[in-house]
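Summary of structural features
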Amino acid sequence: MGPASKKNRKKKPSFRKLLKTSNLKLENKLKNRQFKQQSSAKKQRKEQRKLRQAITDVSHQTLKPLERYRKKPGEEEEDEEEEFLETLPTDMMDEDDLEQIKAMAQKASFLTRDISSCAPVHAKKRKSEQPVEKYEKMPRKMQLEKEKELIHLLPIKDKSGLIPQSMEKPVVPEAEEEEEPNDQELEKEEEPESGPSLTPREQLALRTERLTEKKLRIASLSSAILADPHVNIKKLKELRAMLMETDPCIAVTVRKLVMVSLMEVFKDIVPAYRIRPLTEAEKATKVKKETQQLREFEEGLVCQYKFYLEDLEQTVKDWKQKKQKRSQAVSLQCYKGLAEVAIRCICDLLVALPHFNFHNNIIVLVVPLMNDSVRMVSEVCCEAVRKLLKQDKIGQASLAMVKVISGMVKSRNYNVKPEVLKCLLCLRIKEVDMKKDTDDTAPKKKFMSFRERKTNLSRMQRKWKKAEEKLQKELLEAEASESKEKKIKLHTETLNIVFLIYFRILKKAQKSILLPSVLEGLAKFAHLINLEFFDDLLAVLYGLIVSGDLTYRESLHCILTSFHILSGQGDVLNIDPLKFYSHLYRTLLTLHAGGANEDTAIVLQCLDVMLTKRRKQVTLQRAQAFMKRLSTLGLHVLPDSCVGILAANRTLMHTFPKCDILLDNEMQGSGVYLPELDVPEYCNPQNTAVWELHLLKRHYHPVVRKFAAHLMKGAPSEGSGALSMELSRRTPVQLFEDYSVKDMTFNPPVAGPPSKKKEHFSIGHAFLDPELKTQIDAALQAEGEQTSLDFTSQHTPQET
């Protein structure tokens, strides 16, 4: 064979080609099979659709003949056959065909056949046409009765074909339809059929079992989150979902436990920085696996923390608005307990997480609750705010808190509780401004200049010195805290808002119950007030004192505020506040003597600011007048106040040494002592003596006796008459607080009739006015009592 025959010869296909073709054939066969299945299923669905349509048409339509002729009733039956035969072309048909046509004419299917159908007459009958054919063969009856509404059901298929099914719609009597079911029947229908009723012991055991399961579930989820927060952050959602517990037996307890558990979990896993949302550019960039895991953790943590705070807020709102939930798992009576737990959780988060996200939202939620009508709620919120202000060193949280409080006071037209403004006394503004930071006091690190290094160091030493200085700079940057300038800026803005609150109340609500808190706050922060406001503020304070609308405590706060202003930046002002001295001198004897008196501390603070710190502006006569009146006041008050007053007299004797002339009976100059005069400068105090010390020396309280004996000897710092180290180092205010007898009544521990309290109070007043002394003695003698001056027979000193 030649080369041509070789070319025409077919090459054997390779195995790889055969494999490809076999795969194509298999795919084509599979496609053809699927196509056939789809087409057959489509054809079957089409036939079923036609069958259903035919069944519905036959059941709802009334069949009519093709043509009708109006004839007499007697002639109809006779003429039907004749007319039909006449219309047929009998001349062109055989006899057999004619008989067949007549037979077909007698069939109902021939008359009722749909002529519009394009299907052939003698087409092969299918199974799908059998139901129609059977339905047409069924005998028809006249509708003598009222038609009943039918409900078509699914057909049944058997050997003969599909059998349509239907049923009559049940007819409900009208009387039964109008009757509405009773509430009891509805409750019976709604309540599921429960099993046998349980005894109270079984119910308690069942509740304990369910509650134990929930506790274990809460503990396991919390432990898993705390063990590895980055991996198990999704379990926070499961734990938070338990806040929606629906079992009415344990719903309240479980929700409370979940609230507290979530609070503790967040306090442990929250980072020490604020998490900000990522930008679109940061989300688009590719990062390491650890960074991506950290981002997912932070995003999930912020999201769940937000939802948790919203749940707590909603719980409080439901309690306030008394909203009944649809689930009714918790009754209205339990809303208060849930709300109290929610408020405690919010307050703990306010104090524990001031640096984290949504802290301002928590402040907005807590501040209105400080003025709540429920005492427990307001106390918890006020205590949380005080803790936050005390521990805030930078000032950001304090600034946000003061802003919200200012808005609330203004929006409620100054109708808030005084405790709200008393919380502002815990601000650390005075402490931070007065105390220098340790960074400023510490010696700053000085680095060598280039010329000093070149002249004093070798090349290797310069290299090491350069590396050391670079490391020192990095360490200083790493350890850097908030700058002092930022702190001062925040504190200045905070203080401006605080003074704005105080000045608004002084201007617009002078008769408000907030005035004592305002005056107390001004007394605390008066040294930081701008010098431009001093004149106006002093005029307002004196106007309040003169008006007579203030109580004794409020007037003391006014005096204290005024002297704090004058002792600070007010030193440059040439003002003689004699009217404030006179007012304090006049109101000293109105101090309450019967019970525990907290106003004594304010009096002692006023004396310290007015006399001790302003010693250069105080005359000797004024100091002597105050010393005499304080000695008289010491006879009336309780031992704690008496100790503080005698300590104040000791300070006056050290500050003004010439006051020791009051310990002598000799008169200095002309005039007579006028104890009823309200001006201390002109009451001639140098012509009297502090004889009250002799009575106080025989007081039943040992510390009062020690101070009285110490003052009688001229208040020496050394020697036999000196005080112990513990008493001498304490200030008058501290001594008053050390020996305070709160919630106690004056009851001297001595034997005798129960009327000694009345006699003790009458002692000092008897020496103020001789006429008053005579009246008191006459009244006591009429009652069969001893005279008020018979002191030795009633009180015998007993050392303890």
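Residues numbered from 1 in each chain as written. Predicted model: local features only at pLDDT ≥ 70, side-chain atom pairs only at ≥ 80, totals over all residues. Heavy atoms only, no water.

1. Concerning the overall build of the protein
A count of helices and strands for the protein gives 36 helices and two strands. In the protein, buried positions account for 35% of the 800 residues. Expressed as a percentage of contacts within the protein between residues at least 6 apart in sequence, the contacts between residues at least 24 apart total 70%. For the protein, the accessible area works out to roughly 53400 Å², and carbon and sulfur atoms hold 53% of it. (Helix = DSSP H or I, 4+ residues; strand = E, 2+ residues; numbered from the N terminus. Buried < 20%, exposed > 50% of the residue type's maximum accessible area, 1.4 Å probe, protein only. Contact = heavy atoms within 4.5 Å. Areas by Shrake-Rupley, 256 points an atom, 1.4 Å probe, with all protein chains shown as cover.)

2. A few points about a positive patch on the surface
Taken together, the side chains of Lys-42, Arg-45, Lys-46, Arg-49, Lys-50 and Arg-52 define a basic patch exposed on the protein surface. Along the chain, the position of Arg-52 falls in helix α2 (residues 15-60). We classify Arg-52 as partly exposed; its relative accessible area is 49%. (Patch = residues over 30% accessible without salt bridge, like charges linked within 9 Å, V, L, I, M, F, W, Y side chains within 5 Å. Salt bridge = Lys/Arg side-chain N within 4 Å of Asp/Glu carboxyl O. Lys, Arg positive; Asp, Glu negative; His and termini not counted. Charge placed at Lys NZ, Arg CZ, Asp CG, Glu CD.)

3. What to know about the side chain of Asp-599
Relative to the helices and strands, Asp-599 resides in helix α28 (residues 599-612). We classify Asp-599 as buried; its relative accessible area is 14%. Ignoring anything within four residues of it in the chain, the contact list for Asp-599 reads Tyr-552, Arg-553, Leu-556 and Leu-591.

4. Topic: the environment of Asn-415
Inspection of the secondary structure puts Asn-415 in the loop between α17 (396-411) and α18 (418-422). Among the residues examined, Asn-415 registers a relative accessible area of 58% and is labelled exposed. Sequence separation between Asn-415 and Ile-513 is 98 residues; the distance between their C-alpha atoms is 8.4 Å.

5. What about the packing of helix α24 (residues 515-525) against helix α26 (residues 552-567)?
Between α24 and α26, the least distance of the axes is 8 Å, while the angle of their chain directions is 25°. Here α26 runs roughly parallel to α24, going by the angle between their axes. In this structure, the crossing between α24 and α26 has a hand that is left-handed. Of the residues in α26, those in contact with Leu-515, Pro-516, Leu-519, Glu-520, Leu-522 and Ala-523 of α24 are Glu-554, His-557, Cys-558, Leu-560, Thr-561 and His-564. Of the residues assigned to the contact of α24 with α26, the class counts are seven nonpolar, three polar and two charged. (Axes fitted to C-alpha atoms, helices over the stretch in contact; angles between N-to-C directions. Parallel < 35°, antiparallel > 145°, perpendicular 65-115°, else oblique. Left-handed = near helix turned anticlockwise from the far one by under 90°. Nonpolar A, V, L, I, M, F, W, Y, C, P; charged D, E, K, R; others polar.)

6. Some thoughts on the pattern of salt bridges
Across all of its chains, the model carries 16 salt bridges by this definition. A salt bridge links Glu-681 to Arg-622, with the shortest nitrogen-to-oxygen separation between them at 2.5 Å. Of this pair, Glu-681 sits in the loop between α30 (639-655) and α31 (692-696) while Arg-622 sits in helix α29 (residues 620-634), placing them 59 residues apart in sequence. Take Glu-681: its relative accessible area is 17%, and that puts it in the buried class. Given the relative accessible area of 4%, Arg-622 is considered buried.

7. Describing the environment of Phe-503
In this fold, Phe-503 is placed in helix α23 (residues 484-508). Each C-alpha atom of the pair Phe-503 and Val-518 lies 8.5 Å from the other, and the pair is 15 residues apart in sequence. Filtering out sequence-adjacent residues up to four positions away, Phe-503 remains in contact with Leu-522 and Leu-537.

8. Description of the pairing of strand β2 (residues 161-168)
Alignment of strand β1 (residues 150-158) against β2, held across seven bridges, turns out to be antiparallel. Counted as the bridge partner of Ile-151 is Met-167 from β2. Between β1 and the antiparallel strand that follows it, β2, lie two residues. (Pairing = 2+ DSSP bridges.)

9. Re the packing of aromatic side chains
Tallied over the full model, the rule gives 10 aromatic pairs. Summarising the aromatic geometry, the rings of Phe-266 and Tyr-305 are spaced 5.2 Å apart at their centres and angled 65° between planes, so their arrangement reads as edge-to-face. Highlighted residues: Phe-266 in helix α11 (residues 251-269) and Tyr-305 in helix α13 (residues 289-321), separated in sequence by 39 residues. Across the pair, exposure class does not vary: Phe-266 and Tyr-305 are buried alike. Grouped by ring-pair contacts, the aromatic residues Tyr-542, Phe-563, Phe-580, Tyr-581, Tyr-585 and Phe-626 constitute a single cluster. Sitting above the plane of the Tyr-581 ring, Arg-622 keeps its charged end 4.3 Å from the centroid. Here Arg-629 stacks its cationic end above the ring of Tyr-585, 4.0 Å away from the centre of that ring. (Phe/Tyr/Trp six-rings, centres within 6.5 Å; stacked < 30°, edge-to-face > 60°. Lys NZ or Arg CZ within 6 Å of the ring centre and 35° of its normal.)

10. Some thoughts on unusual backbone geometry
A positive phi angle is found at Phe-358, which is not glycine, with a value near 65°. By the element assignment, Phe-358 lies in the loop between α14 (335-352) and α15 (359-370). Judged by relative accessible area, which is 23%, Phe-358 ranks as partly exposed. With a phi angle near 60°, Tyr-414 is a residue other than glycine that sits in the positive phi range. Positionally, Tyr-414 belongs in the loop between α17 and α18. Accessibility expressed as a relative area gives 11% for Tyr-414, which makes it buried.

11. Things to note about a nonpolar patch on the surface
Taken together, Ile-151, Leu-153 and Met-167 make up a surface patch of nonpolar side chains, about 240 Å² in accessible area. Relative to the helices and strands, Met-167 resides in strand β2.

12. Comments concerning α11
Note: α-helices contain 3.6 residues per turn, so residues at a spacing of three or four share the same orientation. When the terminal C-alpha atoms of α11 are compared, their 27 Å separation across 19 residues agrees well with the 27 Å that a helix rising 1.5 Å per residue should span. Considered for burial, the residues of α11 that qualify are Ala-251, Val-252, Val-254, Arg-255, Val-258, Met-259, Ser-261, Leu-262, Met-263, Val-265, Phe-266 and Ile-269. (Expected span 1.5 Å × (residues − 1).)

13. Overview of the packing of helix α16 (residues 375-391) against α17
Taken N-terminus to C-terminus, the directions of α16 and α17 make an angle of 140°; their axes are 8 Å apart at the nearest point. Our classification of the angle between α16 and α17 gives oblique. With respect to the hand of their crossing, α16 and α17 are arranged in left-handed fashion. Between α16 and α17, the residues in contact are Val-385, Leu-388 and Leu-389 and Ala-397, Ser-398 and Met-401, respectively.

14. Considerations on the confidence of the model for the protein
Per-chain confidence: the protein averages 75 in pLDDT, with 68% of residues scoring 70 or above. Looking over the protein, one finds the lowest element-wise mean pLDDT in helix α35 (residues 756-768), namely 35, and the highest in α16, namely 93. Low pLDDT (under 50) marks residues 432-445, which in the prediction has eight contacts with non-local residues, meaning those over four places away or in another chain. (pLDDT = per-residue confidence, 0-100.)

15. Re α17
Here α17 spans 23 Å end to end across 16 residues, near enough to the 22 Å set by a 1.5 Å rise per residue. Within α17 the residues assigned to the buried category are Ala-397, Ser-398, Leu-399, Ala-400, Met-401, Val-402, Ile-405, Ser-406, Met-408 and Val-409. Phi turns positive one or two residues past the end of α17, at Asn-413, with a value near 55°.

16. A short note on the side chain of Thr-561
Looking at the secondary structure, you find Thr-561 in helix α26. Among the polar contacts listed, one links the side chain of Thr-561 to the backbone oxygen of His-557, at a separation of 2.8 Å. Thr-561 has contacts with Leu-519, Leu-522, Ala-523, Ala-526 and Leu-541, leaving out every residue within four places of it along the chain. (Polar contact = N/O pair within 3.5 Å; in protein donor to acceptor, adjacent residues only side chain to side chain.)

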